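# Structural description and commentary
Residue-level listing of the chains:
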Amino acid sequence: MIPIAKPYLTEEEAQAAYDTILSGWITQGPKVQEFEEKFAAYTGAKYAVAVSNCTTALHLAMVVAGIGPGDEVICPSMSYIATANAIKYVGATPVFAEVQKETYNLDPVDVEKRITIKTKAILLVHQIGMPADIDAFKVLCSKYDLKLIEDAACAAGSAYKGKKVGSHSELVCFSFHPRKVISTGDGGMITTSREDYYNRLRLLRQHGMSINDRVRHEAKKIVFEDHVEVGYNYRMTDIQAAVGIKQLEKLDWIVNERRKIAAVYNEAFRHLSFLQLPLEKEGYLSNYQSYSIYLKKSCPIDRNSLMQKLLDKGIASRRGIMTSHRESAYKQEAKNVSLPVSEDLQDNSIILPLYVPLQKKELEFIIDTFLSIVKNKHQEVPAF
Ligand SMILES: *Cc1c(COP(=O)(O)O)cnc(C)c1O
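Below you will find a few notes about this structure.

### Overview of the packing of helix 3 (residues 54–64) against helix 4 (residues 82–89)
Where helix 3 meets helix 4, the closest approach of the two axes is 9 Å, and the angle between their N-to-C directions is 40°. Put simply, helix 3 runs oblique to helix 4. Note on packing geometry: the crossing formed by helix 3 with helix 4 is right-handed. In this structure, helix 3 contributes Thr 55, Leu 58, His 59 and Met 62 to the contact, and helix 4 contributes Ala 82, Thr 83, Ala 86, Ile 87 and Tyr 89. Tallied by class, the residues present in the contact of helix 3 with helix 4 amount to six nonpolar, three polar and no charged.

Laid out in structure tokens, this is it:
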């Protein structure tokens, strides 16, 4: 059985977790601080704040951006549902916008049409690791005085116009869930260019506490903390951070390996005109968190049959990225929402296995199987 994804974890990560457990400091402490500093340096961001996952990162980003009840935030429906949920957590309304068919990323033209007097922010997503056109959204945000927040859950190691994702705007949120390119089990990070955001994010992730555990622990004089506002417990543990530090060291290598696999897929499928392959435009660098293909109307086999036939041969695949407005949690409030491009992409895209290390043999098997399924189907179609 070939799975859809696998985290790349080695003895090194296991040793780092082991050492941290025995160090006596297991929740947020020195390893979290080290991971934050290294992540900021890696992305080129000014500051980084580690949290429990990307959903809590997005929640805190909403809070510090000042989003609240009555506000609207424009985001793609075609994203993991946590994107929309984070907007809900602060009492605001997600306004779903359309994506571009070629990149699966938010369409700035459609976004502009949905801006109202209530719009407070744009929450863009770098879908499956392909950067969105950040500059186009920066232009919209300055024109309409909106906040820009990036959901970069899938985009650690991706780059836009020569700079790593995480360095372009005030609030960028990452995930270290096992389905992403590097993992800490669960985990998240917020990068920010603003010192005031940095300070408030650090307060909010730890109950609004004015003095963190480490400072109190190391203090030579007695100190008492104050809880300056209502915060949350969104801490990352030092065990996770120790794993994250080792993962971060491998990130560029992992991205490079993933890109090689994507290139092999692209080369193998290039001649099939009924497939729309991933589009990586000049200035965009994807970490290929997922490899998704859109099946055009002319495709000789429908998506679900293709998935089943692959599964019959022991190859896992997934359907296209979900559309939040069609999930039960949003169906009622989104009953008048029509997003034909997003819906078509969800219904007719397939995600193929991509992980490190996907063996050459496995990759060839996936490609041969895929080609024989679509070609046999091809011959079943009468030739007139
Ligand atoms: C995975 C994902 C999330 C959620 O990340 P967690 O770390 O699991 O909370 C949010 N947004 C997008 C686009 C994702 O792919």
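### Describing the state of the cysteines
With the rule as written, the count across this model stands at zero disulfides. Residue Cys 54 stays outside any disulfide, its sulfur separated by 5.4 Å from that of Cys 173, the closest cysteine. Exposure remark for Cys 54: the relative accessible area of 7% places this residue in the buried category. We note that Cys 75 lacks a disulfide partner, and the nearest cysteine sulfur, in Cys 173, lies 13 Å from it. Residue classification places Cys 75 among the buried residues on the basis of a relative accessible area of 0%.

### A look at the site of the ligand
Near the ligand there are 15 residues, and of these Cys 54, Thr 55, Asp 151, Ser 175 and Lys 180 occur at the shortest range. One nitrogen or oxygen atom from the side chain of Asn 53 is found 3.4 Å from an oxygen atom belonging to the ligand. In the model, an oxygen atom of the ligand is placed 2.9 Å from a nitrogen or oxygen of the Cys 54 main chain. Here the ligand, which alone exposes 380 Å², has 91% of that area covered by the protein. Judged by its atoms lying within 2 Å of the grid points, the ligand is housed in the largest pocket. Of all the elements in the fold, those that place two or more residues in the shell around the ligand are helix 3 and helix 4. For the shell around the ligand, the class distribution of residues is six nonpolar, seven polar and two charged.

### Some details on helix 3
The element helix 3 is largely enclosed, with a buried count of 10 among its 11 residues. Listed in full, the buried residues belonging to helix 3 are Cys 54, Thr 56, Ala 57, Leu 58, His 59, Leu 60, Ala 61, Met 62, Val 63 and Val 64. N-capping of helix 3 is provided by Asn 53, with a side-chain oxygen placed 2.9 Å from the backbone N of Thr 55.

### Points about the pattern of salt bridges
Across all of its chains, the model carries 26 salt bridges by this definition. Of the charged contacts in the structure, one is a salt bridge between Glu 12 and Lys 250, with a shortest N-O distance of 2.7 Å. In this pair, Glu 12 sits in helix 1 (residues 11–23) while Lys 250 sits in helix 9 (residues 238–269), placing the two residues 238 residues apart along the sequence. According to the relative accessible area criterion, Lys 250 is buried, its value standing at 12%. The residue Asp 344 makes a salt bridge to Lys 101 at a minimum N-O spacing of 3.2 Å. Of the two residues, Asp 344 sits in helix 12 (residues 340–348) while Lys 101 sits in the loop between strand 3 (93–97) and helix 5 (108–113), which places them 243 residues apart along the sequence. A relative accessible area of 16% places Asp 344 in the buried class.

### Some remarks on the sheet that holds strand 12 (residues 291–295)
With antiparallel pairing, four strands are arranged side by side in an open sheet as 10-12-14-13. With partners counted over all chains shown, the strands left at the sheet margins are strand 10 (275–276) and strand 13 (318–319), one partner each. This element, helix 9, spans strand 10, strand 12 and strand 14 (349–352) of the sheet and lies at about 20° to strand 12. Sheet strands in contact with helix 10 (residues 303–312) are strand 12, strand 13 and strand 14, and its direction is about 20° off that of strand 14.

Parameters and conventions
- Residues numbered from 1 in each chain as written.
- Predicted model: local features only at pLDDT ≥ 70, side-chain atom pairs only at ≥ 80, totals over all residues.
- Heavy atoms only, no water.
- Axes fitted to C-alpha atoms, helices over the stretch in contact; angles between N-to-C directions.
- Helix = DSSP H or I, 4+ residues; strand = E, 2+ residues; numbered from the N terminus.
- Parallel < 35°, antiparallel > 145°, perpendicular 65-115°, else oblique.
- Left-handed = near helix turned anticlockwise from the far one by under 90°.
- Contact = heavy atoms within 4.5 Å.
- Nonpolar A, V, L, I, M, F, W, Y, C, P; charged D, E, K, R; others polar.
- Disulfide = S-S within 2.5 Å.
- Buried < 20%, exposed > 50% of the residue type's maximum accessible area, 1.4 Å probe, protein only.
- Near = heavy atom within 4 Å.
- Polar contact = N/O pair within 3.5 Å; in protein donor to acceptor, adjacent residues only side chain to side chain.
- Areas by Shrake-Rupley, 256 points an atom, 1.4 Å probe, with all protein chains shown as cover.
- 1 Å grid on protein atoms, 1.4 Å probe; cavity = no way out; pocket = protein on both sides within 12 Å on 5 of 7 lines; lining within 4 Å.
- Sits in = over half its atoms within 2 Å of the grid points.
- Salt bridge = Lys/Arg side-chain N within 4 Å of Asp/Glu carboxyl O.
- Pairing = 2+ DSSP bridges.

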